[in-house]
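Chain residues, written in single-letter form:
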Protein chains: 2
Amino acid sequence: MSAPPTPYLRVDVGRLQVNIDSTAARAAAAGVALRPHVKTHKCVEIARRQVAAGAAGITVATVGEAEVFVEAGLDDVFVAYPLWVDERSAERVLALAERARLTIGVDSAEGAANAGRLLGDRVAALVEVDSGHHRSGGPPERAAEVAGAGIEAGIDVRGVFTFPGHSYAPDGRAAAARDEARALTVAAAALRAAGIEPSVVSGGSTPSLADSDTSVLTELRPGVYVFNDAQQWELGTVGQEQISLSCRATVVSHAGGRLVLDSGSKTLGADRAGYATGYGRLPEHPDARIVQLSEHHAVVDLAGAPLPALGSRVDVVPNHVCNAVNLVDDLWADTGDGLVRWPVSGRGRNS
Amino acid sequence: MSAPPTPYLRVDVGRLQVNIDSTAARAAAAGVALRPHVKTHKCVEIARRQVAAGAAGITVATVGEAEVFVEAGLDDVFVAYPLWVDERSAERVLALAERARLTIGVDSAEGAANAGRLLGDRVAALVEVDSGHHRSGGPPERAAEVAGAGIEAGIDVRGVFTFPGHSYAPDGRAAAARDEARALTVAAAALRAAGIEPSVVSGGSTPSLADSDTSVLTELRPGVYVFNDAQQWELGTVGQEQISLSCRATVVSHAGGRLVLDSGSKTLGADRAGYATGYGRLPEHPDARIVQLSEHHAVVDLAGAPLPALGSRVDVVPNHVCNAVNLVDDLWADTGDGLVRWPVSGRGRNS
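Because the structure is a prediction, the values reported are computed rather than measured.

**Student:** Mind laying out the overall build of chain A, listing which residues take part and the relevant values?
**Tutor:** Regarding its fold elements, chain A presents ten helices and 16 strands. Against the compact-globule benchmark of 20 Å for 351 residues, chain A has a radius of gyration of 21 Å, which places it among compact chains. Projected onto its principal axes, the C-alpha positions of chain A cover 65 × 40 × 35 Å. Counting over 351 residues, chain A shows a buried share of 60%.

**Student:** How would you sum up the sheet that holds strand E4 (residues 76–82) of chain B? Please name residues and give values.
**Tutor:** Residues and elements named next belong to chain B. Pairing within the open sheet is parallel, and its eight strands lie in the order E2-E9-E8-E7-E6-E5-E4-E3. A strand with exactly one partner marks an edge of an open sheet, and here the two such strands are strand E2 (33–34) and strand E3 (58–60). Summarising the sheet, strand E8 (residues 200–203) and strand E9 (residues 219–220) pair through two bridges and their orientation is parallel. Residue pairing across strands places Gly203 opposite Leu220, the latter belonging to E9.

**Student:** So what's going on with the relation of the copies chain B and chain A? Residues and values would help.
**Tutor:** Each copy superposes on the other: chain B lies on chain A with an RMSD of 0.0 Å after a rotation of 180° and an axial shift of 0.0 Å. On this basis, the relationship between the two copies can be described by a two-fold rotation axis. When C-alpha positions in chain B are compared against the rotation axis, the closest is assigned to B:Ala270, at 2.6 Å. When the interface residues of chain B are mapped onto chain A, 100% of them again fall at the interface, so both copies present the same face.

**Student:** Run through the interface of chain B and chain A, naming residues and quoting values.
**Tutor:** When the parts of a complex come together, some accessible area is lost, and that lost area is often taken as the interface size. Across the contact, 53 residues belong to chain B and 53 residues belong to chain A. Elements that contribute at least two residues to the side of chain B that touches chain A include exactly E4, helix H4 (87–97), helix H5 (109–119), strand E10 (245–253), helix H9 (265–268) and helix H10 (321–325) of chain B. Of the residues belonging to the side of chain B that touches chain A, the class tally is 16 nonpolar, 26 polar and eleven charged.

**Student:** Give a description of the environment of A:Arg248 that names residues and reports values.
**Tutor:** Examined against the element boundaries, A:Arg248 turns out to sit in strand E10 (residues 245–253). Sequence-distant contacts of A:Arg248, that is, excluding residues within four places in its chain, are made with A:Thr6, A:Pro7, A:Tyr8, A:Arg10, A:Arg313 and A:Asp315.

**Student:** I'd like a description of the sheet that holds strand E6 (residues 124–128) of chain A, backed by residues and values.
**Tutor:** All names here are of chain A. Strand order across the open sheet formed by eight strands is E2-E9-E8-E7-E6-E5-E4-E3, with parallel pairing between neighbours. Single-partner strands in this sheet number two, and they are strand E2 (33–34) and strand E3 (58–60). Pairing analysis gives five bridges linking E6 to strand E7 (residues 156–161), with the strands arranged parallel. Looking at E7, one finds that Ala124 is bridged to Asp156.

**Student:** Break down the pairing of strand E16 (residues 339–343) of chain B for me, citing the residues and quoting the values.
**Tutor:** The two faces of a sheet get side chains in turn, since along a regular strand they alternate between them. Residues and elements named next belong to chain B. Pairing of strand E15 (residues 330–334) with E16 involves five bridges; the strand directions are antiparallel. Residue pairing in the sheet places Ala333 in a bridge with Val340 of E16. With antiparallel pairing between neighbouring strands as the criterion, E15 and E16 make up a hairpin whose turn holds four residues, including Gly336 at a positive phi of roughly 90°.

**Student:** Describe H4(B), and please don't skip the residues or the numbers.
**Tutor:** Residues and elements named next belong to chain B. For H4, the complete set of buried residues consists of Ser89, Val93, Leu96 and Ala97. Taken around the axis of H4, the buried residues stretch over an arc of 100°, which confines them to a single face. For H4, the exposed residues lying more than 90 degrees away from the buried face are Glu87 and Glu91.

**Student:** Describe the nonpolar core, and please don't skip the residues or the numbers.
**Tutor:** The biggest cluster of nonpolar side chains holds 222 residues, and the ones touching the most others in it are A:Phe69, A:Val160, B:Phe69 and B:Val160. Look past the residues within four positions of A:Phe69 in its chain and what remains in contact with it is A:Val38, A:Val44, A:Ala47, A:Ile58, A:Val60, A:Leu74 and A:Val77.

**Student:** Quick one: what's the story with the domain arrangement of chain A, residue by residue and with numbers?
**Tutor:** Residue and element names in this part refer to chain A. For chain A, the assigned domains are domain 1 (13–224) and domain 2 (232–343). For domain 1 versus domain 2, the distance between C-alpha centres works out to 31 Å. The interface is formed by 19 residues belonging to domain 1 together with 18 residues belonging to domain 2. Among the elements that line the side of domain 1 that touches domain 2, the one with the most residues is helix H1 (residues 13–30), at five residues.

**Student:** Quick one: what's the story with the packing of H5(B) against helix H6 (residues 143–153) of chain B, residue by residue and with numbers?
**Tutor:** All names here are of chain B. For the pair H5 and H6, the least separation of the axes is 7 Å and the interaxial angle reads 20°. By the angle class used here, H5 and H6 are roughly parallel. Judged by the twist between their axes, the crossing of H5 over H6 is right-handed. On H6, the residues touching Ala109, Ala112, Ala113, Ala115, Gly116 and Arg117 of H5 are Glu145, Val146, Ala149, Gly150 and Ala153. Looking at the contact of H5 with H6 residue by residue, the classes come out as seven nonpolar, two polar and two charged.

What counts, and where the lines are drawn
Residues numbered from 1 in each chain as written. Chains lettered and ligands numbered in written order. Predicted model: local features only at pLDDT ≥ 70, side-chain atom pairs only at ≥ 80, totals over all residues. Helix = DSSP H or I, 4+ residues; strand = E, 2+ residues; numbered from the N terminus. Rg over C-alpha atoms; globule rule 2.2 N^0.38 Å. Buried ≥ 20, exposed ≤ 12 C-beta atoms within 10 Å, placed from the backbone. Pairing = 2+ DSSP bridges. Least-squares fit on C-alpha atoms with pLDDT ≥ 70 in both. Contact = placed C-beta atoms within 7 Å. Nonpolar A, V, L, I, M, F, W, Y, C, P; charged D, E, K, R; others polar. Arc of directions from axis to C-beta. Core = buried A, V, L, I, M, F, W, Y, C linked by C-beta atoms within 7 Å. Domains from an automatic or database assignment. Axes fitted to C-alpha atoms, helices over the stretch in contact; angles between N-to-C directions. Parallel < 35°, antiparallel > 145°, perpendicular 65-115°, else oblique. Left-handed = near helix turned anticlockwise from the far one by under 90°.

Here's what the structure looks like:
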């Protein structure tokens, strides 16, 4: 297929497959289950490759994402989110549970009791605990209260999970993995003390993956690792050659002696973490920085290098690939033998 | 229609119409044309209301957006972007020019000559100049070189435009409007000196709108004013009662004694300008701040106020409404008499 007009997201399928296979091999060698978070790619083709490489199932963030992937035949899905279930979402979750093994997250006694009341034992649950990211998830030492409330209301509580998202910090990766192991150890022990044997102890994030304590965890849920992005590059999680997705952009202006590309925040996403050096990176120009980002303009300081010609193409790696992918209807997969369109079937499925 | 599951974007149609009408009235009173930027809403229903209120035409950022609105019957469209035209995009632009009066931006002699060569006189052009935002646009005093190159290549150059985007700064609104007037005055004079009479002198941004010098400008192109957002609120451009779009969210967790909502960066957008106090604002809790934003979590510090119950609904105003709208397929318009679905027909049309 011929290339679409810029800006478009291009996947290097060779690199993608290496990322999928090497992470699967690492999990297998450590004897833990890999349950990749598909919110990163929202793409059935990629989820199937992950399962073919040995993933035990998939992780999603929303019921809508679960619907997309169950419809595509994925049959073991964890909604890693403290869902507040109501009558309408309960109907959707129960319909999914007819077709797939479905697990949801709960992080409070009230939420667990509510889920148990509306879902009963046709859906399983894991208790989310906070390991230091301070987002959702309760204190690890109180995990049994949450589990107990769910069990009493009839839901099948199978274990505990956390997201060590504070791994997204310079030099924070190993420390976050230690926090993760500590929190999950405490939470699992709390369940055992209450007579609940946790069969799942789940964690994982792409930055902390190499440091995950697989003597504690039974399951890893990284998402970004399939593509990687400028954040992972700048955090030092990966080298540039492990990045499999970039945005192909056109040089539209040389205003002010700088490079202006047509890849703005409506293609790259507006993410800029505190540690980021700009709004994305240019693999062919590692010293360049995107110093200004509008919806359809990326202004690049090329650090003195000659400006690529007007109308020429430049590749940009987004800061945060999950938000970039969610902006497009399709990924363009470069198989080495031309471009293939891969629909982003889960795009926009926020509910 | 019954409300969709959260998170969803809700439009207060009463406030929207007040924003549309009051801005149209102000432009009419000043004797300048209003050509709203529809990238903010990407919604045919809203563009039609703008034209019904007196807009002279619309502004878009991409050829894809132009296609959506021309298809819907809008017949006077300015692509306010320094398009680098190639054979494929020329074909699309020329097809549009069969059905609508079409104008594009150019900001270099090379770009103008290229556009003239591929488009000829069936499309008009305006020369973009930089008034201080330092994005695209050449120096105002050199606008005639760009215009001349375009005219020589056959395109109909009708005037000059700028985007005073540096109005997005605390206390920067009036200064940006002065810079805008100065740059456009210089650019228009440069064209006249070269024997080209500019019929269009176009500027405008929502923050600078009240200060626009309508003795210089013939046309205003604000976008955000239809909805406004947390950025405009925090810049002081508008009061809270002028904000017509918010994201309805559900309280999913009270982890850490804070409020966690299901409206994350995949609904609100990840924008956070340097002056922003958080990742969006809560109209019902003006002292609250969104201190952490993930893809599906907004963590809110309520400044000591009691936490709304788990499962209850809370409204969030996004920082930058243009990026929030581009994340959803539909807006939910509250007419005072129930919700109506308004498709975001231009969503994702980045090319």
